[in-house]
Amino acid sequence: MQLSTIDRDNLSPELQERLAGFEINRDAYIALQKQYTEVVQENQRLTQEATRLETQASLTDASWNAMGKLGTIEQSKINEEIERSAQLRKDAQALRFTADARIPIQKNLVVQVAEARLKLVGVPGSINKELQQTLLSQALKQQGTLEILLELFTLSHAVALKSLGEHDVALSRCNSQYERQEKIKEITWITLGKKLEKLFDGAEKDILVPTLVTMPSAVPKEAVVDNTAALLKLKRTTAAS
């Protein structure tokens, strides 16, 4: 059994349904993220262009002021520069008006993106947990697995029974025969676990845990919310700004 191989057709109908629902909500979320990013970038472009025009207007003002001080430049030329500066500022103002008019669109998308994200919060972990539980059950049912595990446990238990003297302190705290047997069983599993850990020699760190879905990353300037209370707070803040 390969952990990296997941046959979606073999998933339970319930898990397939949950997976399909997640993917629909995920795609809707990503589409809103894209729309939001485009709006933010366009608003930034408008503002930056307005700033550039205003800077150019200031440079033009300095130019015609310098011309006037020289006293040798025709007034018509100075007038042209004054008109050019005024037009630049007018164009910049128009861009800023456009950017301001688009702010409600951006605010609305901030909330929509947050609402779409909230529908996904916690779902990937739940779906992946169910998948991993299913794969674990399948692995335990593979032919020969039970026999091997029973053999390992039996041998480990036999070793533990012959090593009880090493655990006198822990066993002395048991108040009944039942507690004593449970403690011996615990010692058996711990001993077996240590044997497996030594056998793996760190190789388990290189094994990738299988997953079906992942949470999409947030985009720049996105308001990330992880619960209903945070979403309500965002709505209030956005409406008041």
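Presented here is a report on the structure given in the accompanying data block. (Residues numbered from 1 in each chain as written. Predicted model: local features only at pLDDT ≥ 70, side-chain atom pairs only at ≥ 80, totals over all residues. Heavy atoms only, no water.)

1. Describing the overall build of the protein
Stage number 1. Scanning the protein from N- to C-terminus turns up seven helices and zero strands.
Stage number 2. Counting from the amino terminus, the protein carries its helices and strands in the arrangement α-α-α-α-α-α-α.
Stage number 3. Whereas a compact globule of 241 residues would reach a radius of gyration of roughly 18 Å, the protein reaches 34 Å, over 25% beyond that.
Stage number 4. Here the C-alpha coordinates of the protein stretch approximately 110 × 40 × 35 Å along the principal axes.
Stage number 5. Burial status across the protein gives 25% buried among its 241 residues.
Stage number 6. A sequence separation of at least 24 residues applies to 82% of the contacts in the protein between residues at least 6 apart. (Helix = DSSP H or I, 4+ residues; strand = E, 2+ residues; numbered from the N terminus. Rg over C-alpha atoms; globule rule 2.2 N^0.38 Å. Buried < 20%, exposed > 50% of the residue type's maximum accessible area, 1.4 Å probe, protein only. Contact = heavy atoms within 4.5 Å.)

2. Looking at unusual backbone geometry
Stage number 1. Within the chain, D201 stands out as a residue other than glycine whose phi angle is a positive 55°.
Stage number 2. Here D201 lies in the loop between α6 (177-200) and α7 (228-240).
Stage number 3. For D201, a relative accessible area of 68% corresponds to the exposed category.
Stage number 4. In this structure, K221 is a non-glycine residue whose phi angle is positive, near 70°.
Stage number 5. In this fold, K221 is placed in the loop between α6 and α7.

3. Description of the packing of aromatic side chains
Stage number 1. The full count for this structure, using the stated rule, is one aromatic pair.
Stage number 2. The interplanar angle of 40° and the centroid separation of 4.7 Å between the aromatic rings of F153 and W189 together place this pair among those described as tilted. Note that F153 is positioned in helix α4 (residues 145-161) and W189 in helix α6, a separation of 36 residues in sequence. (Phe/Tyr/Trp six-rings, centres within 6.5 Å; stacked < 30°, edge-to-face > 60°.)

4. Considering a nonpolar patch on the surface
Stage number 1. A cluster of nonpolar side chains, L136, L140, I148, L149 and L152, forms an exposed patch at the surface whose accessible area comes to about 450 Å².
Stage number 2. Secondary structure elements with two or more residues in the nonpolar patch: α3 (123-140) and α4.
Stage number 3. Counting residues per element, the nonpolar patch draws most heavily on α4, at three residues.
Stage number 4. Considering the arrangement of structural elements, one finds L152 in helix α4. (Patch = residues over 30% accessible without salt bridge, like charges linked within 9 Å, V, L, I, M, F, W, Y side chains within 5 Å. Areas by Shrake-Rupley, 256 points an atom, 1.4 Å probe, with all protein chains shown as cover. Salt bridge = Lys/Arg side-chain N within 4 Å of Asp/Glu carboxyl O.)

5. With respect to the nonpolar core
Stage number 1. Counting 25 residues, the largest nonpolar core has L11, L15, Y36, I127, L131, L212 and V213 as the members making the most contacts within it.
Stage number 2. Those elements giving two or more residues to this core turn out to be α1 (13-70), α2 (75-118), α3 and α7.
Stage number 3. With eight residues, α1 is the largest single contributor of residues to this core.
Stage number 4. Non-local contacts of I127, meaning those with residues more than four positions away in its chain, are made with L15, R18, L19, F22, L212 and V213.
Stage number 5. Core analysis: the second largest hydrophobic core is formed by eight residues, A50, A57, L88 and A92 among them. (Core = buried A, V, L, I, M, F, W, Y, C linked by side-chain atoms within 4.5 Å.)

6. Things to note about the packing of α2 against α7
Stage number 1. Contact pair α2 / α7: the axes reach a minimum separation of 10 Å and the direction vectors enclose 175°. One finds that α2 runs roughly antiparallel with respect to α7. Across the interface between the two elements, K107, V110, V111, A114, E115 and L118 from α2 touch T228, L231, L234, K235 and T238 from α7. (Axes fitted to C-alpha atoms, helices over the stretch in contact; angles between N-to-C directions. Parallel < 35°, antiparallel > 145°, perpendicular 65-115°, else oblique.)

7. Quick notes on α2
Stage number 1. Counted at 1.5 Å a residue, the expected span for α2 with its 44 residues is 64 Å, and the 64 Å between its end C-alpha atoms agrees.
Stage number 2. At R102, α2 is deflected by roughly 30°, the largest bend along its length, and proline P104 occurs up to four residues later in sequence. (Expected span 1.5 Å × (residues − 1). Bend = angle between axes of the 7 residues up to and from the residue.)

8. Considerations on α6
Stage number 1. End to end, α6 covers 34 Å across 24 residues, agreeing with the expected 34 Å (1.5 Å per residue, within 8%).
Stage number 2. Within α6 the residues assigned to the buried category are I184, I187, T188 and L192.
Stage number 3. If you follow the buried residues of α6, they end up packed against α4 and α5 (168-172).
Stage number 4. Of the residues one or two after α6, D201 is the one with positive phi, at around 55°.

9. Brief notes about the environment of R18
Stage number 1. Tracing the backbone shows R18 in helix α1.
Stage number 2. As a C-alpha pair, R18 and I127 span 109 residues in sequence and 7.4 Å in three-dimensional space.
Stage number 3. Excluding residues that lie within four positions of it along the chain, R18 makes contacts with S126, I127 and E130.
Stage number 4. Here the side chain of R18 touches E130 through a polar contact of 2.7 Å, side chain to side chain. (Polar contact = N/O pair within 3.5 Å; in protein donor to acceptor, adjacent residues only side chain to side chain.)

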